[in-house]
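# Per-entry structural report
Given next are the chains, with one letter for each unit.
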Amino acid sequence: MSFWDSVRKFFGGGESSLEGQVRAAMVARAQRRESFTALDIANDLTGTNPARTVDDIRAVTLLVDPVFQKQVLAPFGYQVTPGGQYHPPEGVGAPGAVPPRVGATQPPVNVVSQLGTLRQQQGSAPASRPSAPPPKTENPFETNEEILGLSKEEMRKRALKINPHRTAWIGRVDTIPPQSDERTALIDRGLELRGFLTKKQLDEIHTVGDLWLKHHEAAKLADTIAAKSADAVIEARKKAHQAAVLEKKQQAAEKKARRAEEIARRKKEDIIYLGPGVSKGLADRHSNLEKLQGAGLPVLSTPADVAKALGLSVPKLRWLCFHSEAAEKPHYFTFEIEKRSGGKRLLAAPHATLSQAQHWVLANVLEKLSTEAPAHGFIKGKSVVTNARPHVGQDLVINLDVKDFFPSVTFRRVRGVFQRLGYSPAVATVLALLCTESPRRKVEYDGKPLWVAVGPRALPQGACTSPALSNQVTKKLDRRLAGRLTRQGWTYTRYADDLTFSARPGKRDAIGRLHAVVRHTLDDEGFTLHPKKGRFLPRTSRQMVTGVVVNTKLSVRRDEVRRLRAILHQAKKTGLAAQNRENRPDFELWLRGKIAWVQMVDPAKGAKLLAALEVLGR
């Protein structure tokens, strides 16, 4: 702490006796309405003391302004000029006192000069109250620069005692040194004592310096804080991201679990997928209830309804309907039979559960549907006989055949049949899958047998529903052929894939046109005419329609009837078993079937043959 700071602390630690005396002297002058300066108050208090020193005067003068700042003279309305003269309001003063004019420039009270004069007087005569102000000079600091205790030499000596290594402020031009610096305190005291700056101004300067020291690194500090804040934000975002990822994983796991539960439930209660290429309509469950009820058909809207009607569980129905390109266990077992015309025919018989489902569809849906008049195959009340009867006694009989008849009735066409009845796409899809199958070939893969689909799903030869569905698919074909050819004088019937046409005399020249019409109509309806199975039978030849001779009446071929008669005749001598020259497994049953066929076509001949057989059995 500097010397002057110690002095100020000594005089300023509360209101001392000297400060009270200064206050009293100032109030006394204010009561008299006198103008005064700080040196006037010092003379009032120390003028009678012959041993007064400059330090005593300085101590008094330094207390005048602080006491005035405490509003001691506020009740008297006193003011202070920039020159340090305290005066009452203008127009109010002691007799003979002339207050300074407002706005007039007053010369500053040179306390330093007056104190210098007092110091000279102390060496020659006792101090006395000056009768006149000291003479003014142009530069009072030049003539009185050694007063107030510190001359230039003393300040230099004092400055030389300062250790430059103990201060960090020497040579600094980028900031204002603080008052705590010893060198700065010495400079401040010199500026203040020589009147260059007041204590208040110096405090303001150092306040600015302190603020600068505090805030000049604010930008860097802000950048540092921002960087730290950014790091904190990034870290917080990382943690938030990790938390979000964890939450999403948990949500995904929960969603997956819920989905698995939902899939398991739907697999148990519903069918939403039945294989590639066939599952398109399973989402549509809207059936035409009025149309179904009007036709007397079972009302079914969902796969669950079909399963309930068939007496099956939903998983079992799904297994029966599911379409697989490579199946480990097919729903049909296949076998071959010989054709009458030569070659072999591949048949596919459904397994027991699928067969039961197909019989339900046939009995409850397909057999209730109407067919066109030309159709005779697999229809109650119709047979090969009814198919042949319209052609009896005709001049010309033409037999044509549809190539790959059942394979041409594909899954898409069968599904369309059920949808036209009023069933929803979902039910139509399930029923169509029950009634169709792909042709398959057995292969081995990785040591396991697989039945691979080698064609599209279509009506299998061996399913009880195939003929009835083919009659529904060919309804438009029957209407078109019958409508067009009847007007031209032709008679048309169809038994499955066998098309028969007949006409009275005069139509032989129109055979080519008939063939073209039939071929083009079949092409339009998605079928193909077999190029090698057409037969043109004039009246002079044996005219046969679906195995029945129709030249003059319905009859069986003569050679076949003669053969049956010969067997029965020889059996009377040798026994029935001796006539089994072809080693048929159940010869008697085969023989009864042949006789039943003759009896169906020609009841009279058939009755005679059956009677002869019964005689053999007695």
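Residues numbered from 1 in each chain as written. Predicted model: local features only at pLDDT ≥ 70, side-chain atom pairs only at ≥ 80, totals over all residues. Heavy atoms only, no water.

### Digging into the side chain of H376
The residue H376 is located in the loop between α14 (352-364) and α15 (384-388) in this model. The exposure class assigned to H376 is buried, which follows from its relative accessible area of 8%. At a separation of 3.0 Å, a polar atom in the side chain of H376 contacts the side chain of T386. Discounting residues that sit within four places of it in the chain, H376 has contacts with K382, S383, T386, N387, T493, R494 and Y495. (Helix = DSSP H or I, 4+ residues; strand = E, 2+ residues; numbered from the N terminus. Buried < 20%, exposed > 50% of the residue type's maximum accessible area, 1.4 Å probe, protein only. Polar contact = N/O pair within 3.5 Å; in protein donor to acceptor, adjacent residues only side chain to side chain. Contact = heavy atoms within 4.5 Å.)

### Quick notes on the pattern of salt bridges
Within this structure, the stated rule accounts for 25 salt bridges. In this structure, the salt-bridge partner of R32 is E34, at a minimum N-O distance of 3.0 Å. Given the relative accessible area of 42%, R32 is considered partly exposed. The partner of R265 in a salt bridge is E262, and the shortest N-O contact between them spans 2.4 Å. Here the residue R265 and the residue E262 both occupy positions in helix α10 (residues 218-269), the gap between them amounting to three residues, near one helical turn. The exposure class of E262 is partly exposed, given its relative accessible area of 34%. One continuous salt-bridge network, built from bridges that share partners, spans R29, R32, E34 and D44. (Salt bridge = Lys/Arg side-chain N within 4 Å of Asp/Glu carboxyl O.)

### Let's talk about the sheet that holds strand β8 (residues 448-453)
Taking strand neighbours across the sheet as the criterion, the three strands line up as β3-β8-β7 in an open arrangement whose pairing is antiparallel. Every interior strand has two partners, whereas the edge strands, β3 (326-327) and β7 (440-445), have only one. (Pairing = 2+ DSSP bridges.)

### Quick notes on the packing of aromatic side chains
Counted by the stated rule, this structure contains 10 aromatic pairs. With a centroid separation of 5.7 Å and 25° between ring planes, the pair formed by F587 and W590 is classed as stacked. Separated by three residues within a single helix, F587 and W590 lie in helix α23 (residues 587-601), roughly one turn from each other. Across the pair, exposure class does not vary: F587 and W590 are buried alike. Aromatic rings pair up to connect F36, F68, Y78 and Y86 into one cluster. Sitting above the plane of the F527 ring, R413 keeps its charged end 4.7 Å from the centroid. (Phe/Tyr/Trp six-rings, centres within 6.5 Å; stacked < 30°, edge-to-face > 60°. Lys NZ or Arg CZ within 6 Å of the ring centre and 35° of its normal.)

### Some words on a positive patch on the surface
A contiguous patch of positive charge, built from R542, R558, R562, R565 and K608, is present on the exposed surface. On the secondary structure map, R558 appears in helix α22 (residues 558-574). According to the relative accessible area criterion, R558 is exposed, its value standing at 64%. (Patch = residues over 30% accessible without salt bridge, like charges linked within 9 Å, V, L, I, M, F, W, Y side chains within 5 Å. Areas by Shrake-Rupley, 256 points an atom, 1.4 Å probe, with all protein chains shown as cover. Lys, Arg positive; Asp, Glu negative; His and termini not counted. Charge placed at Lys NZ, Arg CZ, Asp CG, Glu CD.)

### As for the nonpolar core
In terms of nonpolar packing, the biggest core is built from 65 residues, with L317, L366, F418, L434, F501 and V518 touching the most fellow members. With eight residues, helix α18 (residues 425-435) is the largest single contributor of residues to this core. Excluding anything up to four places from it in sequence, L434 contacts L310, L317, L320, C321, Y332, L354, A357 and Q358. Of all hydrophobic cores here, the second largest spans 26 residues; its members include A496, V556, I567 and W590. (Core = buried A, V, L, I, M, F, W, Y, C linked by side-chain atoms within 4.5 Å.)

### Digging into helix α8 (residues 182-193)
Compared with an ideal rise of 1.5 Å per residue, which puts 12 residues at 16 Å, α8 spans 17 Å between its outermost C-alpha atoms and is within 8% of the ideal. Taken residue by residue, α8 has T184, A185, L186, D188, R189, G190, E192 and L193 as its buried positions. In the segment just after α8, G195 is the residue with positive phi, at about 80°. (Expected span 1.5 Å × (residues − 1).)

### Things to note about the packing of helix α3 (residues 38-46) against helix α4 (residues 54-69)
Viewed as axis vectors pointing N to C, α3 and α4 meet at an angle of 130°, and their least axial separation amounts to 8 Å. Classed by the angle they form, the pair α3 and α4 counts as oblique. You can see that α3 and α4 cross each other, and the crossing is right-handed. Every residue of α4 that contacts α3 at A38, L39, I41, A42, L45 and T46 is listed here: I57, V60, T61 and V64. (Axes fitted to C-alpha atoms, helices over the stretch in contact; angles between N-to-C directions. Parallel < 35°, antiparallel > 145°, perpendicular 65-115°, else oblique. Left-handed = near helix turned anticlockwise from the far one by under 90°.)

### Description of the confidence of the model for the chain
The share of residues in the chain with pLDDT of 70 or more is 86%, and the mean pLDDT across the chain is 85. Scored below 50 in pLDDT, residues 122-132 makes nine contacts in the model with residues more than four places away or belonging to other chains. This model gives residues 134-148 a pLDDT under 50, and the stretch forms 28 contacts once residues within four places in sequence are excluded. (pLDDT = per-residue confidence, 0-100.)

### Considering unusual backbone geometry
We note that Q71 has phi near 65°; this positive angle belongs to a residue other than glycine. Mapped onto the secondary structure, Q71 falls in the loop between α4 and β1 (79-80). In this structure, D404 takes a positive phi of about 50° despite not being glycine. Turning to its location among the elements, D404 is positioned in the loop between β6 (396-403) and α16 (405-408). Assessed through its relative accessible area of 47%, D404 is described here as partly exposed.

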